[in-house]
Amino acid sequence: MSTYYNHVGVISRGRGNSIACSLAYIRSERIFDKYLGEWHDNSPRIDVLYKDVVLPPSVPLDYLSPQKLADALNDSEQRIDSQMARSIILALPNEMNITQEVKLVREFIDQYFIANNMCAVFAIHSGRKESKRSYTTIDTCTDNPHAHIIAPIRQIGANGFFRTKLETRQFNTKKYLYSMRKSWADIENREYERMGLPFRVSHESLYVQGIDRKPTVHLSAKEISFEQRGIATRRGNINRQILAEERAKERQRQQERDRQHERDRYYERSRESYTIFALHFGD
């Protein structure tokens, strides 16, 4: 089922975040944190379906190494409260295979980061404890394919990361974030259209779209894992309650449509009877 989710956050030292830890998590690797002087090991993960580093054309290829990239970024950021990178999570459609999903994510990265002399590291996760993907309905909450993108805020060129972030301040505006959210919806919808599928997504809220439906809440990979094993989670319970309420509302709407249909049929039959009476006795 088509779904839209685009969450943008910031990896900041001031909040206790680590660029090395974040990279190790999304890539399922062991990466050394030069700033903290410690290793971050997430290599046991098996749900990473694809991972890559995307660089502008002028950047040396040795920056394709996540370790090299983390070290260079830690060297560039001197403040203890530095904002290191943007962290983006994108929900991916179950209707597409991994090749198509990589294509969509690369198109998004090229448009918003590579075109602005910024690099990005991304990984696609199955959203399951095992790497195998299943295709079920949203009610079962068993699938959560998604992409993690880590994009350093500093621009990068032939000599590494730029000394200042002045050119990237525009990317912190609400207008830019709104544009980013809309762009992801457009990219996803174009692929649906190319595939001949009837699904469409929107970056707008249900209220703005004029849809009278309560939105469900996003489940993390951990929560989905619990749900798969029959262990109810707080957010899973919230979604089940929302779905139950929406089904009840739909039944009420259907009953009202049925009653309206009967009323229309009654008036139609009455008009037909009156017409027949008028034709027969009118003179």
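Higher on the page you've got the structure.
Bear in mind the structure is a predicted one, so any value in this text is a computation, not a measurement. (Residues numbered from 1 in each chain as written. Predicted model: local features only at pLDDT ≥ 70, side-chain atom pairs only at ≥ 80, totals over all residues. Heavy atoms only, no water.)

A.B. asks: For this particular structure, what's the right way to read the overall build of the protein chain?
C.D. replies: What the protein chain contains, in helices and strands, is seven helices and nine strands. Relative to its 283 residues, the protein chain shows a buried fraction of 40%. The contacts of the protein chain with a sequence gap of at least 6 include a subset with a gap of at least 24, amounting to 69%. Summed over all atoms, the accessible surface of the protein chain reaches about 16300 Å², with 53% contributed by carbon and sulfur. (Helix = DSSP H or I, 4+ residues; strand = E, 2+ residues; numbered from the N terminus. Buried < 20%, exposed > 50% of the residue type's maximum accessible area, 1.4 Å probe, protein only. Contact = heavy atoms within 4.5 Å. Areas by Shrake-Rupley, 256 points an atom, 1.4 Å probe, with all protein chains shown as cover.)

A.B. asks: So what exactly am I meant to see when it comes to the side chain of asparagine 189 here?
C.D. replies: Structurally, asparagine 189 can be placed in helix H4 (residues 174-194). On the basis of relative accessible area, asparagine 189 is assigned to the buried category, the value being 14%. Each residue touching asparagine 189, except ones within four places of it in the same chain, is listed here: Phe199, Arg200 and Val201.

A.B. asks: Mind showing me how you'd approach a nonpolar patch on the surface here?
C.D. replies: Taken together, the side chains of Tyr35, Leu36 and Ile80 make up a nonpolar region of the molecular surface, amounting to roughly 320 Å² of accessible area. Looking at the element boundaries, isoleucine 80 is found in the loop between helix H2 (66-76) and strand E5 (83-91). On the accessibility criterion, isoleucine 80 (64% relative accessible area) is exposed. (Patch = residues over 30% accessible without salt bridge, like charges linked within 9 Å, V, L, I, M, F, W, Y side chains within 5 Å. Salt bridge = Lys/Arg side-chain N within 4 Å of Asp/Glu carboxyl O.)

A.B. asks: Explanation requested: the pattern of salt bridges in the structure shown.
C.D. replies: Side chains that differ in charge, positive against negative, can pair when their charged atoms come close. Under the criterion given, the structure shown has 12 salt bridges. Of the charged contacts, one joins arginine 27 and glutamate 29 as a salt bridge, the two residues approaching to 3.0 Å between their closest N and O atoms. As far as burial versus exposure is concerned, arginine 27 and glutamate 29 are alike and both buried. Across the pair glutamate 77 and lysine 165 runs a salt bridge whose closest N-O atoms are separated by 3.1 Å. Of this pair, glutamate 77 sits in the loop between H2 and E5 while lysine 165 sits in the loop between strand E9 (160-161) and H4, placing them 88 residues apart in sequence. Exposure remark for glutamate 77: the relative accessible area of 3% places this residue in the buried category. Counted as one network, the salt bridges with shared partners bring together Arg27, Glu29 and Lys51.

A.B. asks: Just checking my understanding: could you explain the packing of aromatic side chains for this structure?
C.D. replies: Each aromatic ring pair is specified by the distance between its two centres and by the angle formed by the two planes. One pass over the full model with this rule turns up six aromatic pairs. Taking 5.5 Å as the distance between ring centres and 40° as the angle between the ring planes, the aromatic pair formed by phenylalanine 108 and tyrosine 112 counts as tilted. Within this pair, phenylalanine 108 and its partner tyrosine 112 are both found in helix H3 (residues 98-112), separated by four residues, close to a single helical turn. In this structure, phenylalanine 108 and tyrosine 112 share a single accessibility class: buried. (Phe/Tyr/Trp six-rings, centres within 6.5 Å; stacked < 30°, edge-to-face > 60°.)

A.B. asks: Can you walk me through the sheet that holds E5 in this structure?
C.D. replies: Consider a sheet: its strands pair through backbone hydrogen bonds, and that pairing is either parallel or antiparallel. With respect to topology, five strands assemble into an open sheet ordered E1-E5-E7-E6-E4, the strand pairing being antiparallel. With one partner strand each, in any of the chains shown, strand E1 (6-12) and strand E4 (48-54) form the two edges of the open sheet. Mean inter-strand twist for the sheet, computed between neighbouring axes without regard to direction, equals 15°. In this fold H4 packs onto E1 and E5, with an angle of close to 135° to the strand it touches most, E1. (Pairing = 2+ DSSP bridges. Axes fitted to C-alpha atoms, helices over the stretch in contact; angles between N-to-C directions.)

A.B. asks: Can you help me understand H4 in this one?
C.D. replies: An α-helical turn contains 3.6 residues, so any two residues separated by three or four positions project in the same direction. The end-to-end C-alpha distance of H4 is 30 Å, a good match for the 30 Å that 21 residues give at a rise of 1.5 Å each. Here H4 has its buried residues at Tyr176, Met180, Ser183, Trp184, Ala185, Ile187, Glu188, Asn189, Glu191 and Tyr192. In this fold, the buried residues of H4 make contact with E1, E5 and H3. (Expected span 1.5 Å × (residues − 1).)

A.B. asks: Can you walk me through the packing of H3 against H4 in this structure?
C.D. replies: In the contact formed by H3 and H4, the axes pass within 10 Å of each other and the chain directions differ by 145°. Our pair here, H3 against H4, has a crossing hand that is right-handed. Judged by residue contacts, Gln100, Lys103, Leu104, Val105, Glu107, Phe108, Gln111 and Tyr112 of H3 engage Tyr176, Ser179, Met180, Ser183, Trp184, Ile187, Glu188, Arg190, Glu191 and Arg194 from H4. By residue class, the composition of the contact of H3 with H4 is eight nonpolar, four polar and six charged. (Left-handed = near helix turned anticlockwise from the far one by under 90°. Nonpolar A, V, L, I, M, F, W, Y, C, P; charged D, E, K, R; others polar.)

A.B. asks: Honestly, the nonpolar core in this entry has me stumped. Any pointers?
C.D. replies: General note: in soluble globular proteins, nonpolar side chains tend to be found buried as a group. Of all hydrophobic cores here, the largest spans 29 residues; its most connected members are Val105, Phe108, Ile109, Phe113, Phe122, Ile149 and Trp184. Among the secondary structure elements, those contributing two or more residues to this core are E5, H3, strand E6 (120-125), strand E7 (146-152) and H4. Those residues within four positions of valine 105 in sequence are excluded, and the remaining contacts are Leu92, Phe122, Ile124, Ala147, Ile149 and Trp184. Ile11, Leu55, Ala85 and Ile150 belong to the second-largest nonpolar core, a separate cluster that totals 23 residues. (Core = buried A, V, L, I, M, F, W, Y, C linked by side-chain atoms within 4.5 Å.)

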